[in-house]
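Geometric and topological summary
Okay, here's what each chain looks like letter by letter:
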Amino acid sequence: MVVPIKGFIENSLIEWEGKIVSIVFLPTCNFRCPYCHAPHLVQSPNDLESIPADAVIDKMRQNRGWVDGVVVTGGEPTSHKHLDGFLTSLKDTGVVVRLDTNGTNPHILKDLIAKKLLDCVAMDIKAPLQQRKYELVSGVPCNIDDIQESIRIIMESGIEYEFRTTVCPTQLDGDDIEEIARTIQGAWRYILQAFRPNHCLDTGMLKIEPYPAEMLRDFAARAGKYVDYCCVRGEEGKVLQRNW
Ligand code: SF4
């Protein structure tokens, strides 16, 4: 009845804008993004020691009052059968909860939102919603309908959310980013993340030169025509108009 926890950061000031949060890492993922920075969580999680869920819950209780929330990330957290029980325990400690997901399990996402276990969702959109492109970036066969459905669920949920895309020069260009932004037209927040050639799942990625910052800003400006707010990760400075 417990989820395996493979990493716990007690506090972070940068993970969830405006909040002090803890971060919980859950193992395994159904994607194999070549740039993934958590290959140990994705490919060989059994080599990592597990942290008892009770210890994490106790720590969240102890820190109540100065830690605002918790981010549950991975890997892909929705691949765990008992995720809802774990999120319920986290919510019971009085903190707000954000889930990071690749959007491949819309029915689980919908259920967690309906049970009011999530205060925020951050979803990766790997590529424009075309089969070939999505599979190139995610590294596996994908169900594009599931990705589309997760986007719809999140945008209609009424809770805080963020879409994000890691932009690697060998995978995506400005036209792709604009196409993704068109797909999420009207979304509150879309963040571009620079590809970083370190600790990649596919070591062939280590040779790839990232886009210059100026080019990513240009992509963000193009995408910004379709969404309320778009910027490059690390350059979030604009005051959001939303009431969250
Ligand atoms: S979705 Fe991709 S980047 Fe995220 S954990 Fe899975 S393999 Fe890694």
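Residues numbered from 1 in each chain as written. Predicted model: local features only at pLDDT ≥ 70, side-chain atom pairs only at ≥ 80, totals over all residues. Heavy atoms only, no water.

In the annotation of an unreviewed UniProt entry, the protein is listed under the name Anaerobic ribonucleoside-triphosphate reductase activating protein and assigned to Candidatus Brocadia sapporoensis. Regarding the protein, the UniProt comment filed under Cofactor (unreviewed entry) reads as follows: "[4Fe-4S] cluster". (UniProt positions renumbered as here; feature names shortened; annotations may be inferred.)

**Examining the nonpolar core**
In this structure, Phe86, Leu118, Phe163 and Tyr190 are the most contacted members of the largest nonpolar core, which totals 74 residues. With five residues, helix H6 (residues 144–156) is the single largest residue contributor to this core. Not counting chain neighbours up to four residues away, the residues in contact with Phe86 comprise Val3, Ile5, Val24, Ala53, Val56, Ile57 and Val72. Among the nonpolar cores identified, the runner-up in size contains five residues, and Trp16, Val21, Ile23 and Cys120 belong to it. (Core = buried A, V, L, I, M, F, W, Y, C linked by side-chain atoms within 4.5 Å. Buried < 20%, exposed > 50% of the residue type's maximum accessible area, 1.4 Å probe, protein only. Helix = DSSP H or I, 4+ residues; strand = E, 2+ residues; numbered from the N terminus. Contact = heavy atoms within 4.5 Å.)

**What to know about the environment of Gln185**
Structurally, the position occupied by Gln185 is in the loop between helix H7 (174–183) and strand E7 (190–194). Measuring from C-alpha to C-alpha, the distance between Gln185 and Val227 comes to 5.5 Å, with 42 residues separating the pair along the chain. Here Gln185 is in contact with Met155 and Tyr226, once residues within four sequence places are set aside.

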